[in-house]
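# Geometric and topological summary
Each chain, letter by letter, is given below.
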Amino acid sequence: MKNDISLIEGKRLCLCENREYTRNMASLEKAVEDGAVLEGIATVCSEDMSLYVSLGDVTGIIPKNEVAYSSTEAYVKDIAVITRVGKAVCFKVMGVDEDENGNKSALLSRRQAQLDCYRNYISELLPGDIIPCRITHMEHFGAFCDIGCGIVSLMPIDAISVSRISHPSDRFSLGQNIKCVVKSIDYDTGRVYLTHRELLGTWQENADKFTQGQTVKGVVRSIEDYGVFVELAPNLAGLAEYTDSVKVGECVSVFIKSIIPEKMKIKLVIINTYTDAEPDREMEYYMPKGDHISCWRYSPAVCSKVIETVFD
């Protein structure tokens, strides 16, 4: 089996190799020899906090202390086990157990699969590396992402986009597959922090999609005393005059009065609102050549204000 240790949890379920390894006890014993990382669906959390995994006719069991790897915590929290029920879990087959009645079950370890992922993939990442991930959980301060084998990293809310949002759910949905950039790495704890806005285009790249005199759709992101910020794209917002007739999160149509690269500003006039419209969550990525960014400058060259991210 060609094991891609970096795969996000759930990606292996549909692979032919995964189905072949999990079809019976003999093939699971072969997985022990090959050290394969596999996946199945966790169906039950038992009284002793063990996870039972559906493997066809074979019962797979992940003991509580084998459910997750952590470089900073000595034990696995109950919530980390309970929340896996009904979801795909990666694992390595550690052996086969047989009870007094001759019934066999496969002993599994998600912790070992994650440890392999950390040692052979995550520990080699560098700030600026572009990697795939999946949104697993969202809080007001940021989005948590699976970056491989169920290992979760945080993307702070201010790193999601240049356009300000009040909650990550304004930009993402649970289970959404996205691209992200390694923002920083805490080498003492092994934690990886992510950023996303560097893949959504510079001010100029976004502004080039619009023309003065157009009327276009936008989303109200912030209402201040001096005006209303309307998002035209995830990395581009313009300012309209203050009005109390709109709400944050509401979709609006706006007239573009002017586009000013020197001041990195777009002046707008709010024309109408769309109370039943949902903002588009599909994002256009501006991918550099290769899978690494050394430095990203958001602001135009003609603008004296510099907004940039330096990774190297």
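Scroll up a little and you will see the structure.
Quick summary incoming for the structure in this document. (Residues numbered from 1 in each chain as written. Predicted model: local features only at pLDDT ≥ 70, side-chain atom pairs only at ≥ 80, totals over all residues. Heavy atoms only, no water.)

This brings us to the layout of surface pockets. Considering only enclosed or pocket space, the largest pocket measures out at about 1,500 Å³ in volume. Along the walls of the largest pocket sit 43 residues, with A68, A80, G150, I151 and V152 positioned nearest its centre. Elements with a minimum of two residues in the lining of the largest pocket: helix 3 (78-82), helix 4 (110-120), strand 6 (130-139), strand 7 (142-146), strand 8 (152-156) and strand 10 (191-195). Of the residues in the lining of the largest pocket, the class split is 19 nonpolar, 14 polar and 10 charged. Forming the walls of the second largest pocket are 25 residues, and the residues nearest its centre are V162, R164, F229, A237 and M264. Elements with a contribution of two residues or more to the lining of the second largest pocket: strand 11 (215-224), strand 13 (236-240) and strand 15 (265-274). (1 Å grid on protein atoms, 1.4 Å probe; cavity = no way out; pocket = protein on both sides within 12 Å on 5 of 7 lines; lining within 4 Å. Points joined across faces, edges and corners; volume = space filled by probe spheres on them. Helix = DSSP H or I, 4+ residues; strand = E, 2+ residues; numbered from the N terminus. Nonpolar A, V, L, I, M, F, W, Y, C, P; charged D, E, K, R; others polar.)

Turning to the sheet that holds strand 3 (residues 58-62), a few remarks are in order. With respect to topology, five strands assemble into a closed barrel ordered 1-2-3-5-4, the strand pairing being mixed. For this sheet, the mean angle separating the axes of adjacent strands, direction not counted, is 50°. Pairing of strand 1 (residues 37-45) with strand 2 (residues 51-55), which is carried by four bridges, proceeds in the antiparallel orientation. Bridge pairing links C45 to L51 in strand 2. Strand contacts of helix 2 (residues 25-34): strand 1, strand 2, strand 3, strand 4 (88-98) and strand 5 (104-109), with the helix running at about 100° to strand 4, the strand carrying the most contacts. Helix-sheet contacts for helix 4 involve strand 1, strand 3, strand 4 and strand 5, and the interaxial angle to strand 4 is about 125°. (Pairing = 2+ DSSP bridges. Axes fitted to C-alpha atoms, helices over the stretch in contact; angles between N-to-C directions. Contact = heavy atoms within 4.5 Å.)

A word on the pairing of strand 8. Summarising burial for strand 8: four of the five residues are buried, a large majority. Relative to strand 8, strand 7 is paired through five bridges, and the arrangement is antiparallel. In the sheet register, G142 faces strand 8, and the bridge partner there is P156. (Buried < 20%, exposed > 50% of the residue type's maximum accessible area, 1.4 Å probe, protein only.)

What follows covers the packing of aromatic side chains. Scanning the entire structure with this criterion turns up four aromatic pairs. For the ring pair F141 and F144, a centre distance of 5.9 Å and an interplane angle of 90° mean the geometry is edge-to-face. Under the relative-accessibility criterion, F144 is labelled partly exposed at 21%. Relative to Y298, the ring of W296 lies with its centre 5.7 Å away and its plane at 45°, an arrangement referred to as tilted. Geometry around F229 places R164 over its ring, the cationic atom sitting 4.5 Å from the centre. (Phe/Tyr/Trp six-rings, centres within 6.5 Å; stacked < 30°, edge-to-face > 60°. Lys NZ or Arg CZ within 6 Å of the ring centre and 35° of its normal.)

So, about the nonpolar core. I122, I131, I147, M155, F172 and L194 are the most contacted members of the largest nonpolar core, which has 29 residues in total. Those elements giving two or more residues to this core turn out to be helix 4, strand 6, strand 7, strand 9 (177-186) and strand 10. When residues no more than four places from it in sequence are discounted, the contact partners of I147 are S6, Y121, I122, I131, P132, C133, S153, V192 and L194. In terms of nonpolar packing, the next biggest core, distinct from the first, is built from 26 residues, V181, A233, M264 and C303 among them. (Core = buried A, V, L, I, M, F, W, Y, C linked by side-chain atoms within 4.5 Å.)

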